[in-house]
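What follows is the residue order along each chain.
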Amino acid sequence: MKKKMMMFGTGIALVALTACGTEETEGDASSSGDDPIQVVSTIGQLDDAVTNIGGDLVDNHALMGPGIDPHMYNASQGDVQLLDDADIVFYNGLNLEANMEDILEQMGQGKPVYAVGNNVPEDMIKADEEEQNMPDPHIWFDIDLWSYAVEEVRDGLIELDPDNEEVYTENAETYLSELTEVQEWAYSEIEQIEQDQRVLVTAHDAFQYFGDAFDFDVLGLQGISTEAEYGLSDVQRIIDEMIERDITAVFGETSVSDSAIEAVIQGAGQQGHDVEHGGELYSDAMGEEGTEEGTYIGMYRATFHKW
Ligand code: ZN
């Protein structure tokens, strides 16, 4: 009797194993067969890498469109559905999508979810000087760093769909060489700007990596994250610096309210220092789909067209 029961038990275990195995095989078939791989990224910059590397093999979506601030973004019901349906997910990490970390980690239990910022060597990551132990997530403003993120997208797709390794590898190579090309163009543009004019005043501190790469001083009214509100002392600090260094332009950002920038322009004016609004930069969000600025390279180039 005892023996019989044991056999019965083994039988159940076998059935369960077989069922599980069948499901796995089906899952594999749908991701490496004719159906495109469903890819969800948080920010447009990453989605652009997926578009370029995945081509027709992927069906990809970005959760955060033009003008959206990733620091403050909360996942909608629709986003949760997209994440649920995705075969693979990419996000920047390094505390950029601060309010989405829980759900992204949760998704990571059941499918490949990559925080691409983690692929950048740690010694290249800047610290957020106002928030202890927090990194600066704005790695897309230095192509030396962003290339690591792009490589993580490539490697993630290969891991999920090894049959098409060659396609992903070749596409990534082409894309990375385009990024190197635009980086070289940027260096030649910057060379034409006098050293004492290399100052960028913006709404929030998204341009520290940019500043390091191009030897620019960058001053942000808000910190690395837009979560911390700016105060009057921040406005006065920027005005003092602008007067002292005779800086006459400030820049808005498509994903941040202009109120801090307007306060600087008004406050400086009251102190007899004329400051103009230099236009809006694409800091954390790309431009409208279908426009040049709606691509990573276009948004990157746009930063250099503002002066
Ligand atoms: Zn930011």
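So, how was this worked out
Residues numbered from 1 in each chain as written. Predicted model: local features only at pLDDT ≥ 70, side-chain atom pairs only at ≥ 80, totals over all residues. Heavy atoms only, no water. Helix = DSSP H or I, 4+ residues; strand = E, 2+ residues; numbered from the N terminus. Contact = heavy atoms within 4.5 Å. Areas by Shrake-Rupley, 256 points an atom, 1.4 Å probe, with all protein chains shown as cover. Donors = N, O, S within 2.8 Å, 3.2 Å for Na, K, Ca; no water. Buried < 20%, exposed > 50% of the residue type's maximum accessible area, 1.4 Å probe, protein only. Pairing = 2+ DSSP bridges. Axes fitted to C-alpha atoms, helices over the stretch in contact; angles between N-to-C directions. Salt bridge = Lys/Arg side-chain N within 4 Å of Asp/Glu carboxyl O. Lys, Arg positive; Asp, Glu negative; His and termini not counted. Parallel < 35°, antiparallel > 145°, perpendicular 65-115°, else oblique. Nonpolar A, V, L, I, M, F, W, Y, C, P; charged D, E, K, R; others polar. Right-handed = clockwise from strand over helix to strand, strands pointing away. pLDDT = per-residue confidence, 0-100.

### Some points on the overall build of the protein
Item 1. Of the regular secondary structure elements, the protein holds 10 helices and eight strands.
Item 2. Long-range contacts, defined as pairs at least 24 residues apart, comprise 65% of the intrachain contacts of the protein with a sequence gap of at least 6.
Item 3. With an accessible surface of roughly 15700 Å², the protein has 46% of that area assigned to carbon and sulfur atoms.

### Observations regarding the coordination of the zinc ion
Angles between donor atoms at a metal ideally measure 109.5 degrees for a four-coordinate tetrahedral arrangement and either 90 or 180 degrees for a six-coordinate octahedral one.
Item 1. The coordination sphere of the zinc ion, as far as protein atoms go, consists of H71 (NE2), H138 (NE2), H204 (NE2) and D284 (OD), spread over 1.9 to 2.1 Å.
Item 2. Binding-site remark: the zinc ion is held by donors from one chain whose sequence spacing is H-x66-H-x65-H-x79-D. Taken together, the positions of H71 in the loop between β2 (58–64) and α3 (77–85) and H204 in strand β5 (residues 199–204) put the pair 133 residues apart, joining distant regions of the chain.
Item 3. A relative accessible area of 0% means that H204 is categorised as buried.

### Side note on the side chain of S283
Item 1. Looking at the element boundaries, S283 is found in the loop between β8 (276–281) and α10 (296–304).
Item 2. Excluding anything up to four places from it in sequence, S283 contacts Q45, W140, F141, H204, A206, F207, E253, S255 and M299.

### Points about unusual backbone geometry
Item 1. Positive phi values are uncommon outside glycine, yet D215 reaches one of about 60 degrees.
Item 2. As for its position among the elements, D215 is in the loop between α7 (208–214) and β6 (217–222).
Item 3. Not every positive phi belongs to a glycine, and D246 is a case in point at roughly 55 degrees.
Item 4. Note that D246 resides in the loop between α8 (232–245) and β7 (249–253).

### As for the sheet that holds β2
What links the strands of a sheet is backbone hydrogen bonding, and the strands pair in either a parallel or an antiparallel sense.
Item 1. With respect to topology, four strands assemble into an open sheet ordered β2-β1-β3-β4, the strand pairing being parallel. With one partner strand each, in any of the chains shown, β2 and β4 (113–115) form the two edges of the open sheet. Put simply, the sheet's adjacent strands are angled 20 degrees from each other on average, direction ignored.
Item 2. Note that strand β1 (residues 37–43) and strand β3 (residues 88–91) share three bridges and pair parallel. Bridge pairing in β3 links V40 to V89.

### A few points about the pattern of salt bridges
Item 1. In this structure the tally under the stated criterion is six salt bridges.
Item 2. Salt-bridge contacts for D212 lead to K126; the nearest nitrogen and oxygen are separated by 2.8 Å. Taken together, the residues D212 in helix α7 and K126 in the loop between β4 and α5 (143–160) connect sequence positions 86 residues apart.
Item 3. Taking relative accessible area as the criterion, D212 reaches 53% and is therefore assigned exposed.
Item 4. For K126, a relative accessible area of 23% corresponds to the partly exposed category.
Item 5. Each of D217, E241 and R245 takes part in one network of salt bridges that share partners.

### What to know about the side chain of D47
Item 1. Residue placement: D47 occurs in helix α2 (residues 44–54).
Item 2. Here D47 occupies a buried position and makes no salt bridge, while the nearest side chain of opposite charge, K111, is found at 15 Å.
Item 3. Leave out the neighbours within four places in its chain, and D47 touches S41, N60, H61 and A62.

### Points about the packing of helix α6 (residues 165–191) against α10
Item 1. Where α6 contacts α10, the two axes come as close as 10 Å, and the packing angle between them is 5 degrees. Judged on the interaxial angle alone, α10 and α6 are roughly parallel. Residues Y175, E178, L179, V182, Q183, W185, A186, E189 and I190 of α6 pack against Y296, I297, Y300, R301 and F304 of α10.
Item 2. For the contact of α6 with α10, the residue count by class is 10 nonpolar, one polar and three charged.

### Points about the pairing of β5
Item 1. β5 sits mainly inside the fold: six of its six residues count as buried.
Item 2. With five bridges connecting them, β5 and β6 associate as parallel partners. Paired with L200 across the bridge in β6 is V218.
Item 3. With α7 bridging β5 and the parallel β6, this β-α-β connection has right-handed handedness.

### Comments concerning the confidence of the model for the protein
Item 1. Chain-level pLDDT for the protein is 89 on average; 89% of the residues reach the 70-or-more range.
Item 2. Low pLDDT (under 50) marks residues 1–32, which in the prediction has six contacts with non-local residues, meaning those over four places away or in another chain.

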